[in-house]
Amino acid sequence: MAAIGDVRFTTAGDTAFNVEFGEGIDRPTNARVMALHARLKRAAVPGLVETVPTFRSLQVVYDPAATSRRVVQAAVEAQIVPDDAAAAEGALWRLPVCYDPELGPDLEEVSAALGLTPERLAALHGATEYFVYMLGFMPGFGYMGDLPVELERPRRTEPRVRVPAGSVAMAGRLTTVYPWESPGGWHLIGHCPVPLYDGTRPSPVLLAAGDRVRFEAVDRAHHDALVAEVAAGRFDPETLRASA
Amino acid sequence: MSAPGLRVVRPGLFATIQDLGRVGYQELGMPVAGALDPIALRLANALVGNPAGTAGVEIALLGPALKVEAESVRVAVVGPMALRMEREGQPPAALEPYRTHTLNCGDVLALGAVTGASVAYLAVAGGFALEPFLGSLSTYVRAGIGPLGGKPLGDGARLPLVRDAAPGGDDVELPEPPDYGGGPVRVVLGPQDDRFTAAAVETFLSATYRVGKDADRMGLRLEGPTLAHRGSADIPSDGLVTGSIQVPGNGQPILLLNDHQTAGGYAKIATVISADLPRVGRLRPGDALAFRAVGVDEAEGIRRRQEQAIAGWIRAIRTVRPAGGVDLDALYSENLVSGVVDIVNGNGDILNAENMAGNMNGRAS
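Every value quoted in this text rests on a predicted model; they were computed, and no experiment measured them. (Residues numbered from 1 in each chain as written. Chains lettered and ligands numbered in written order. Predicted model: local features only at pLDDT ≥ 70, side-chain atom pairs only at ≥ 80, totals over all residues.)

### Some thoughts on the overall build of chain B
Here comes step 1: Of regular secondary structure, chain B possesses eight helices and 23 strands.
Here comes step 2: Split into buried and exposed, the 365 residues of chain B put 47% on the buried side.
Here comes step 3: A sequence separation of at least 24 residues applies to 75% of the contacts in chain B between residues at least 6 apart. (Helix = DSSP H or I, 4+ residues; strand = E, 2+ residues; numbered from the N terminus. Buried ≥ 20, exposed ≤ 12 C-beta atoms within 10 Å, placed from the backbone. Contact = placed C-beta atoms within 7 Å.)

### Topic: the overall build of chain A
Here comes step 1: Scanning chain A from terminus to terminus reveals five helices and 14 strands.
Here comes step 2: A compact globule built from 244 residues should have a C-alpha radius of gyration of about 18 Å, and chain A, at 20 Å, falls within 12% of that.
Here comes step 3: Each of the 244 residues in chain A was classed as buried or not, and the buried ones make up 44%.
Here comes step 4: Counting only contacts in chain A whose residues sit at least 6 apart along the sequence, the fraction spanning at least 24 positions is 63%. (Rg over C-alpha atoms; globule rule 2.2 N^0.38 Å.)

### Side note on the sheet that holds strand β18 (residues 254-256) of chain B
Residue and element names in this part refer to chain B.
Here comes step 1: Strands sit in the order β21-β14-β15-β18-β17-β20-β13-β22 across an open sheet of eight strands; the sheet is mixed. Bordering the open sheet on either side are β21 (288-289) and β22 (291-293), each of which pairs with just one other strand.
Here comes step 2: In this structure, strand β17 (residues 244-246) lies alongside strand β20 (residues 268-272), joined through three bridges in antiparallel fashion. What sits directly across from Q246, in β20, is K268.
Here comes step 3: Its contacts with the sheet put helix α3 (residues 198-206) on β13 (185-189), β20 and β22, and the angle it makes with β22 is roughly 120°. (Pairing = 2+ DSSP bridges. Axes fitted to C-alpha atoms, helices over the stretch in contact; angles between N-to-C directions.)

### Here's the deal with the environment of B:F14
All names here are of chain B.
Here comes step 1: By the secondary structure assignment, F14 is in strand β2 (residues 14-18).
Here comes step 2: On a C-alpha basis, the gap between F14 and G63 in space is 7.3 Å, while along the polypeptide they are 49 residues apart.
Here comes step 3: Sequence-distant contacts of F14, that is, excluding residues within four places in its chain, are made with A60, L61 and P152.

### A word on the interface of chain B and chain A
Here comes step 1: Taken residue by residue, the interface counts 33 residues in chain B and 35 residues in chain A.
Here comes step 2: For the side of chain B that touches chain A, the leading source of residues is helix α5 (residues 296-315) of chain B, giving six residues.
Here comes step 3: Residues belonging to the side of chain B that touches chain A are distributed by class as follows: 15 nonpolar, twelve polar and six charged. (Nonpolar A, V, L, I, M, F, W, Y, C, P; charged D, E, K, R; others polar.)

### Quick look at the environment of A:P204
All names here are of chain A.
Here comes step 1: Mapped onto the elements of the fold, P204 is located in the loop between β13 (187-191) and β14 (212-217).
Here comes step 2: Taking the number of C-beta atoms within 10 Å as the measure of exposure, P204 has 20 and is therefore buried.
Here comes step 3: Between the C-alpha atom of P204 and that of C192, which follows or precedes it by twelve residues, the distance is 17 Å.
Here comes step 4: Here P204 is in contact with Y197, D198 and G199, once residues within four sequence places are set aside.

### Here we look at the sheet that holds β14(A)
All names here are of chain A.
Here comes step 1: Taken in spatial order, the seven strands of this open sheet run β6-β14-β7-β8-β11-β10-β13, and their pairing is mixed. The open sheet is flanked by β6 (92-97) and β13, the only strands paired with a single partner. Strand after strand, the sheet turns through a mean of 35° between neighbouring axes, direction not considered.
Here comes step 2: For strand β7 (residues 129-135) and strand β8 (residues 142-145), the ladder comprises four bridges, and the chain directions are antiparallel. Note on β8: the bridge partner recorded for M134 is Y143.

### Some words on the domain arrangement of chain A
Residues and elements named next belong to chain A.
Here comes step 1: As assigned here, chain A comprises domain 1 (3-77) and domain 2 (92-240).
Here comes step 2: In this complex, domain 1 contributes seven residues to the contact, which on the side of domain 2 involves six residues.
Here comes step 3: Of the residues assigned to the side of domain 1 that touches domain 2, the class counts are four nonpolar, two polar and one charged. (Domains from an automatic or database assignment.)

### Observations concerning helix α5 (residues 220-231) of chain A
Here comes step 1: The end-to-end C-alpha distance of α5(A) is 16 Å, a good match for the 16 Å that twelve residues give at a rise of 1.5 Å each.
Here comes step 2: Among the residues trailing α5(A), A:G233 stands out with phi positive, at a value near 75°. (Expected span 1.5 Å × (residues − 1).)

### Describing unusual backbone geometry
Here comes step 1: Residue A:G145 is joined to A:D146 through a cis peptide bond whose omega torsion reads 0°.
Here comes step 2: Note that A:D146 resides in the loop between β8 and β9 (160-163).
Here comes step 3: Here B:G190 and B:P191 are connected by a cis peptide whose omega angle stands at 10°.
Here comes step 4: You can see B:P191 is positioned in the loop between β13 and α3.
Here comes step 5: Positive phi, close to 65°, is recorded for B:L61, a residue that is not glycine.

### Observations concerning the nonpolar core
Here comes step 1: Ranked by internal contacts, the top residues of the largest apolar core, which has 164 residues, are A:V60, B:A44, B:I59, B:V75, B:V77, B:A120 and B:Y121.
Here comes step 2: It is helix α1 (residues 38-48) of chain B that contributes the most residues to this core, eight residues altogether.
Here comes step 3: A:V60 has contacts with A:A16, A:F17, A:V19, A:L48, A:T51, A:V72 and A:V76, leaving out every residue within four places of it along the chain. (Core = buried A, V, L, I, M, F, W, Y, C linked by C-beta atoms within 7 Å.)

### Let's talk about the pairing of β14(A)
All names here are of chain A.
Here comes step 1: Judged from the six bridges that link them, β6 and β14 form a sheet pairing that is parallel. In the strand pairing of β14, P96 is matched with E216.
Here comes step 2: Note that β7 and β14 share three bridges and pair antiparallel. Paired with Y130 across the bridge in β14 is V213.

### Focus on the confidence of the model for chain B
Residues and elements named next belong to chain B.
Here comes step 1: Confidence along chain B averages 90 in pLDDT terms, with 88% of residues attaining 70 or more.
Here comes step 2: A low-confidence stretch, residues 336-365 stays under pLDDT 50, and its non-local contacts, those more than four residues away or across chains, total 30 contacts.
Here comes step 3: The ipTM value of the predicted complex is 0.93, and its pTM value is 0.90. (pLDDT = per-residue confidence, 0-100.)

### Remarks on α1(B)
Helical geometry: 3.6 residues make up each α-helical turn, so side chains three or four residues apart lie on a common side.
Residue and element names in this part refer to chain B.
Here comes step 1: For α1, the buried fraction is high: eleven of the eleven residues fall into the buried class.
Here comes step 2: Those residues of α1 lying buried are P38, I39, A40, L41, R42, L43, A44, N45, A46, L47 and V48.
Here comes step 3: Phi for G49, located one or two positions after α1, is positive at around 80°.

### Describing the pairing of strand β11 (residues 174-177) of chain A
Residues in a regular strand project their side chains so that they alternate between the two faces of the sheet.
All names here are of chain A.
Here comes step 1: Going residue by residue along β11, you find L174 and T176 tucked away on one face and T175 and V177 tucked away on the opposite face as well.
Here comes step 2: Bridge count between β8 and β11: two bridges; the pairing is antiparallel. Counterpart to G145 in the pairing with β11 is L174.
Here comes step 3: For strand β10 (residues 167-171) and β11, the ladder comprises four bridges, and the chain directions are antiparallel.

Okay, structure coming up:
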């Protein structure tokens, strides 16, 4: 387990290793992950298959039949720059969300547990610009933060077997939109009517690690109109991109 | 004739189209998927003359029956399974795996039970005329991603073929099934072995585990001694690979396979080395396994030697010997001593030469 400076290398067999920049979930640590991810994309290291950014570490995947850990790690070390941060900011997206107890079955319970009204919870959730730390769990599932401290709640003790696609959810200091129907343990507080994953698009996943997201509250009628627009194939996801 | 294809006339239990994986999109949260036993898929492709990464059918438990809707097609099955051909007006004929067969229009290839491993593979010469998604034909059933709606082969589904007829030339075979090796599954400790007690690491490397009934393309739940964490089992979610062995709070390890999530929040005690992934991909519920730790350099060396072995098996592919005859090409390519060949040429002692070839191949003919 080698280290240079405060950077630590951990081993995931003979096909991958992790470059760890810290222990916690915070923006400065993640910025270093994203910066190395961007540098290695440009560097095109032979035998390096892909790099996968997560909260505090970058997973470097390589082909052991074509190269070796020793060679790839040396190439990666050469790209680690002190106090590095991603050069370009990601895109800013405005995602509609309907904070309705029918669409967010945990809205009332979690509001009560936090000592807030559902309206206050929705207002706090919608007032923050979130950062997409990483994607994972399912294709297009973005781990976004940081949730205001007033909204911090541990995940549900009993995960749901089926969370509907489009559910807007929160747990810990993170929030997300489930792109697929799947099991899930986060608190469901609303619904986003536009798809975060669409296999018919050339790039099927809307959000990328490093992007930013603002939630915009819509009423039920507006929500249902957007659902119909999506179903009819008339919705253009580019309209969600906020102009800088 | 309409576009060539194979028609699913009986669906089997869980057959999916797989290639060597949808590589390069994990940053989107996209699982790699792909063949659980890439060695078998590569050998099936080699038999029918395809590039190694051509998509084939991964067959779990019980295979489908496929009717040939093309002039002819050459197929190969690699893996421990029963198969037969149903031809109009003839009794069903058992076919051997580990070789090619050339089928005609109207023939039905009935793929039976897979026994002795979780999966076997069917490759067709020329491959399937299906549209790749993000560069791959692998099926990720959990999110419905991949060809045929991202679903297993269903009744009536049609697999369009690139070729409308089988290539010329004789059928070929592997001299023997591939050798996956035995003994403990080799792992490299980490990336979070430091999140476990020393006793837990020692237990992990000395105990025997059994594959539980929760075993699918995502992973294998292992049953055996509980592994204790130092503190919490939870970590900030980080990257996973095929072969990651994560241990949730209950202390029972989960060995992740090809459909694993791209990231996860449980501490991982060890990672199966790449050369042993085909072996663990073949495990079934109830199978026993133990683990042995190796270093990364050693793991890479094992993998390189395995690649040489696979190349050797592919070089050894030979024309199927006609029943009762002797294949002189095979005898020469097996480097038999000249004296033995002299026996064939001089005395015509075919029986003797056949026995000799059988011994060289390590199995009775």
